[in-house]
Amino acid sequence: GDSVTQMEGPVTLSEEAFLTINCTYTATGYPSLFWYVQYPGEGLQLLLKATKADDKGSNKGFEATYRKETTSFHLEKGSVQVSDSAVYFCALSDLSFGNEKLTFGTGTRLTIIP
Amino acid sequence: ETGVTQTPRHLVMGMTNKKSLKCEQHLGHNAMYWYKQSAKKPLELMFVYSLEERVENNSVPSRFSPECPNSSHLFLHLHTLQPEDSALYLCASSPQSSYNSPLHFGNGTRLTVT
């Protein structure tokens, strides 16, 4: 079945550091890929998405490129801020099944220190 | 404000109690979802409703009973829960249940079963 593996946290960085959170997936079909972010005390929010190979999703300075050859969708940001502290979830949605089979990773907690 | 409102934000209940979680969305979406978020585990999809019909039930114990009276409201009725049911319960909605239609989450109900 489909699965998502993302790097274990927690991740702690200093402000203005470069961020990478790794995400790899397995899927039987042609999935869409997503990053969701959960700020303290809130639900998940869509951060960015990519629907086909080589697409790059971007939002709020974050980027992720859909790499079919490596089945990866790593999240990157060039210069993080304290306000980026949150839990980040990688997810995939399989074309065959739709949101009924949206599969999430376990989440990576990110803390940015001033 | 995400457009998806969940009440209550926090709930403490004994194992013999009956309670209900409520979710409301006024985004005009056709699909609604219940997820369970437990520490260090991927989000677990519990139920999906599309156009007020249940389309997914992921082997959830019968002590959890969903209800979707209309496309804007979703309930999760709880009875005779176990301590391991303590978690954050997230409601989400989407325009439709297709594979690249992102989810809009509420802030969740933090449930503690004593």
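Computed from a prediction, not measured in an experiment: that's the story for all the values here.

Definitions and cut-offs
- Numbers given for residues are sequential positions, taken from 1 along each chain in its written order.
- Both sets of labels track the order of writing: A upward for chains, 1 upward for ligands.
- Totals for whole chains, interfaces and linings use every residue, but because this is a predicted model, local features are given only for residues with pLDDT of at least 70 and side-chain atom pairs only at 80 or more, for both listing and counting.
- In computing side-chain properties, one takes all heavy atoms of the structure into account and sets aside hydrogens as well as water.
- The secondary structure listing takes helices from DSSP runs of H or I that are at least 4 residues long and strands from runs of E that are at least 2 residues long, numbered from the N terminus.
- The globule rule used here is 2.2 Å times the number of residues to the 0.38 power, and the radius of gyration it is set against is calculated over C-alpha atoms.
- Relative accessibility decides the category of a residue: with a 1.4 Å probe and only protein chains considered, values under 20% of the type maximum give buried, values over 50% give exposed, and everything between is partly exposed.
- Whether two residues are in contact is decided by their heavy atoms, any of which lying within 4.5 Å being enough.
- The working definition used for a salt bridge is a side-chain nitrogen of Lys or Arg within 4 Å of a carboxyl oxygen of Asp or Glu.
- Any two strands between which DSSP finds at least two bridges are classified as paired.
- An axis is simply a line fitted to the C-alpha atoms; with a helix, the fit covers only the stretch in contact. Between two such axes, the angle follows the N-to-C directions and lies from 0 to 180 degrees.
- What counts as a ring pair is set by centres within 6.5 Å for rings of Phe, Tyr and Trp (its six-membered ring), and what kind of pair is set by the plane angle: stacked under 30 degrees, edge-to-face over 60, tilted for all other angles.

> Please clarify how the overall build of chain A should be interpreted in this entry.
When its secondary structure is counted, chain A shows zero helices and 12 strands. Its helices and strands taken in sequence order, chain A reads β-β-β-β-β-β-β-β-β-β-β-β from the N to the C terminus. Whereas a compact globule of 114 residues would reach a radius of gyration of roughly 13 Å, chain A reaches 14 Å, a difference of no more than 12%. Each of the three principal axes of chain A carries a C-alpha extent, and together these read 45 × 30 × 20 Å. Classification of the 114 residues of chain A by burial places 47% in the buried group. Of the contacts formed within chain A by residues at least 6 apart in sequence, a portion of 57% connects residues at least 24 apart.

> Sorry, what's going on with the pattern of salt bridges here?
Close approach of charged atoms lets side chains of opposite charge pair. Evaluation of the coordinates by the stated rule reveals six salt bridges over all chains. Of the charged contacts, one joins A:D84 and A:K77 as a salt bridge, the two residues approaching to 2.8 Å between their closest N and O atoms. Notably, a salt bridge pairs B:K41 with B:E44, separated by 3.4 Å at the nearest N-O pair. Overall, B:K41 belongs to the partly exposed group, its relative accessible area being 40%. Residue B:E44 is classed as partly exposed on the basis of its relative accessible area of 30%.

> Help me understand the sheet that holds strand β9 (residues 75-77) of chain A, please; the structure alone is not making it clear to me.
Consider a sheet: its strands pair through backbone hydrogen bonds, and that pairing is either parallel or antiparallel. All names here are of chain A. What the four strands build is an open sheet, ordered β3-β9-β8-β7; its pairing is antiparallel. In the strand order of this sheet, the two ends are held by β3 (19-21) and β7 (56-59), each with one partner. Ignoring strand direction, the axes of neighbouring strands in this sheet form an average angle of 20°. Direction of pairing for strand β8 (residues 62-65) relative to β9: antiparallel, over a ladder of three bridges. Residue A64 lies in a different strand from β9, and its bridge partner there is L75.

> Help me understand the packing of aromatic side chains in this model?
Centre-to-centre distance and the angle between the planes together describe a pair of aromatic rings. Taken as a whole and assessed by the stated rule, the structure comprises 11 aromatic pairs over all chains. Between B:Y35 and B:F105, the aromatic rings sit 5.7 Å apart at their centres with planes inclined by 50°, giving tilted as the arrangement. Of this pair, B:Y35 sits in strand β4 (residues 31-37) while B:F105 sits in strand β10 (residues 104-105), and the two are 70 residues apart along the sequence. Note on B:F64 and B:Y89: the rings are 5.9 Å apart at their centroids and 35° apart in plane angle, and the pair reads as tilted. Here B:F64, found in strand β7 (residues 64-70), pairs with B:Y89, found in strand β9 (residues 87-94); they are 25 residues apart in sequence, far enough to count as distant. On the basis of relative accessible area, B:F64 is assigned to the buried category, the value being 6%. Aromatic rings pair up to connect A:F34, A:Y36, A:F89, A:F104, B:Y33, B:Y35 and B:F105 into one cluster.

Read these as layout, nothing more, since geometry by itself doesn't imply function.
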